[in-house]
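Overview (structure and organization)
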Amino acid sequence: MNISAIAATAVAGVGAYTLYSRSVRLESAEPVSHDTKRLRFALPDPDQPTGLSLTSAVLTISWPNGSWLPTIRPYTPINDISKPGFIELLVKHYPGGKQSTHLHSLKPNDSIIMIRGVPPGYRWTANQHPHVALIAGGAGITPMYQLTRGILNNPEDKTNITLVWGVNSDTDIFLREEFSALEKNFPGRFRAVYVVSNPEPGSLHPKGYVDEQILDKAGLSGKDVGKNDTKVFVCGPPAMEKALTGAKGFGKPKSGILAELGYTPAQIHKF
Ligand SMILES: Cc1cc2nc3c(=O)[nH]c(=O)nc-3n(C[C@H](O)[C@H](O)[C@H](O)COP(=O)(O)OP(=O)(O)OC[C@H]3O[C@@H](n4cnc5c(N)ncnc54)[C@H](O)[C@@H]3O)c2cc1C
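Residues numbered from 1 in each chain as written. Predicted model: local features only at pLDDT ≥ 70, side-chain atom pairs only at ≥ 80, totals over all residues. Heavy atoms only, no water.

To continue, consider the overall build of the chain. Tallying secondary structure elements over the chain gives 8 helices and 11 strands in all. Considering the chain as a whole, with its 271 residues, one finds that 49% of them fall into the buried category. Contacts in the chain between residues far apart in sequence, at least 24 positions, make up 71% of those at least 6 positions apart. Looking at the chain as shown, the accessible area adds up to about 13700 Å², and 55% of this sits on carbon and sulfur atoms. (Helix = DSSP H or I, 4+ residues; strand = E, 2+ residues; numbered from the N terminus. Buried < 20%, exposed > 50% of the residue type's maximum accessible area, 1.4 Å probe, protein only. Contact = heavy atoms within 4.5 Å. Areas by Shrake-Rupley, 256 points an atom, 1.4 Å probe, with all protein chains shown as cover.)

What follows is the structure, encoded as structure tokens:
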């Protein structure tokens, strides 16, 4: 969904969707890499449920630098959405980016408006697929983290998960500890593979981008996974998503890496 469609839905539904009593207050802001912060917002009532379902984003509304027009952008909470009282966002700063610059400038006790319900998100159903492949680039990790935690924290859900995350540098793997803990606690259920385009000397991760070879090595080619058994989720920068899922344009549409590996469009969901 593009930003204007999201904004239109938000404006049309603002009465129905305003969840957190207009504003939420920043409790803490912690840098997790050179350009990314973890922001924890308190809901007005500490017992208030997040009201979020797996998987969903929230819409943030702010007026950076006293502007007349609001800036409206979606972000994907990374906290345990079953716990009440707060919302945690992981926000990458884009130089010149309106909302990410504003969110990075917030100090504890500053407030923003947050709306749930738009964009609608992907409605996850436990055990609908025996295996999911989560392919993320950079800040596109947030919906993958929400989904991974949601699946593994539900004792009824037996879905296996393979995560492939492409980042620029080793320091951009900011959820490494959280993912390591999940790998340890759910052996055989969850596996994470990191691909680094500019690795540090001595990095343990493969150098490069998420391509056919990396996915093949991660066990995600058609020969490794039953064709209809895997649901693939993709979230990353536009160039990465294009390479994975193909591109329309002038002339013949280009098929992407996932099609080459044997996945059908119905198996692929782009966050
Ligand atoms: C459903 C959904 C969930 C999202 N969840 C998150 C999240 O959890 N964390 C997060 O950090 N972001 C997330 N985003 C992206 C976020 O909504 C904003 O688009 C992003 O923060 C940039 O907004 P901005 O106002 O700072 O930049 P803008 O003012 O919109 O853009 C300014 C410039 O920044 C650059 N830029 C903006 N976005 C990107 C991009 N995605 N890739 C490369 N360059 C870009 C471009 O050069 C652009 O011209 C999500 C997006 C969607 C659609």
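A separate point is the site of the ligand. Inspection of the region around the ligand gives 14 residues, with Pro-74, Tyr-75, Gln-99, Ser-100 and Thr-142 positioned closest. Backbone polar atom of Leu-90 to a nitrogen atom of the ligand: 2.8 Å apart, as the coordinates give it. Lys-92 has a polar backbone atom sitting 2.9 Å from an oxygen atom of the ligand. Those elements that place two or more of their residues in the shell around the ligand are strand 4 (71-75), strand 5 (86-92) and helix 3 (98-105). (Near = heavy atom within 4 Å. Polar contact = N/O pair within 3.5 Å; in protein donor to acceptor, adjacent residues only side chain to side chain.)

This part covers the pairing of strand 3 (residues 58-62). Among the 5 residues in strand 3, 5 count as buried, and that is most of the element. Side chains Val-58, Thr-60 and Ser-62 project from strand 3 onto one buried face, and the interleaved Leu-59 and Ile-61 project onto a second face that is buried too. Pairing analysis gives 5 bridges linking strand 3 to strand 4, with the strands arranged antiparallel. Bridging across to strand 4, Val-58 finds its partner in Tyr-75. Inspection of the sheet shows strand 3 paired to strand 6 (residues 111-116) by 4 bridges, in the antiparallel sense. (Pairing = 2+ DSSP bridges.)

As annotated in UniProt, the feature "binding site: FAD" (unreviewed entry) corresponds to Arg-73, Pro-74, Tyr-75, Leu-90, Lys-92, Lys-98, Ser-100 and Thr-142 in the numbering used here. Note on placement: Pro-74 falls in strand 4. With a relative accessible area of 26%, Pro-74 lands in the partly exposed category. For Lys-98, the position within the fold is in helix 3. Residues within four places of Lys-98 in sequence aside, it is in contact with Pro-64, Thr-71 and Arg-73. (UniProt positions renumbered as here; feature names shortened; annotations may be inferred.)

Before going further, it helps to examine the sheet that holds strand 10 (residues 230-235). Here we have 5 strands laid out as an open sheet, ordered 9-8-7-10-11, and parallel in their pairing. Each edge of the open sheet carries a strand with a single partner, namely strand 9 (190-196) and strand 11 (268-270). The sheet shows a mean angle of 15° between the axes of neighbouring strands, taken without regard to direction. Of the strand pairs in this sheet, strand 7 (residues 131-137) and strand 8 (residues 160-167) are connected by 7 bridges, and their pairing is parallel. Looking at the pairing, Leu-134 lines up with Leu-163 of strand 8. With respect to the sheet, helix 4 (residues 141-152) is in contact with strand 7, strand 8, strand 9 and strand 10, its orientation differing from that of strand 7 by roughly 155°. Along the sheet, helix 5 (residues 176-185) makes contact with strand 8 and strand 9, crossing strand 9 at roughly 145°. (Axes fitted to C-alpha atoms, helices over the stretch in contact; angles between N-to-C directions.)

Our next topic: the packing of aromatic side chains. Counted under the stated rule, the structure contains 8 aromatic pairs. Here Trp-165 and Phe-174 contribute two aromatic rings whose centre-to-centre distance is 5.5 Å and whose plane-to-plane angle is 70°, an arrangement assigned as edge-to-face. Summarising the burial analysis for this pair, Trp-165 and Phe-174 share the class buried. Consider the rings of Trp-165 and Tyr-194, whose centres lie 6.0 Å apart with planes at 70°: the pair is edge-to-face. Taken together, the residues span a long stretch of sequence, with Trp-165 in strand 8 and Tyr-194 in strand 9 at a distance of 29 residues. The buried category is assigned to Trp-165, whose relative accessible area is 0%. By way of ring pairs, the aromatic residues Tyr-145, Trp-165, Phe-174, Phe-179, Phe-190 and Tyr-194 are connected into one cluster. (Phe/Tyr/Trp six-rings, centres within 6.5 Å; stacked < 30°, edge-to-face > 60°.)

Quick look at the pattern of salt bridges now. Under the counting rule described, the total for this entry stands at 5 salt bridges. Here Arg-38 makes a salt bridge to Glu-178, at a shortest N to O gap of 3.0 Å. Of this pair, Arg-38 sits in strand 2 (residues 36-42) while Glu-178 sits in helix 5; the two residues are 140 residues apart in sequence, bridging distant segments of the chain. Judged by its relative accessible area of 21%, Glu-178 falls in the partly exposed class. Lys-83 is the partner of Asp-80 in a salt bridge, and the nearest nitrogen-oxygen pair spans 3.9 Å. (Salt bridge = Lys/Arg side-chain N within 4 Å of Asp/Glu carboxyl O.)

With an omega of 0°, the peptide bond running from Leu-54 to Thr-55 counts as cis. Relative to the assigned elements, Thr-55 resides in the loop between strand 2 and strand 3. Positive phi is not limited to glycine here, since Asn-65 has a value of about 50°. Mapping Asn-65 onto the fold places it in the loop between strand 3 and strand 4. Using a relative accessible area of 83% as the deciding quantity, one classes Asn-65 as exposed. Located in the positive-phi region is Asn-109, a residue other than glycine, with phi close to 85°. Relative to the assigned elements, Asn-109 resides in the loop between helix 3 and strand 6. With relative accessibility at 52%, the residue Asn-109 sits in the exposed group.

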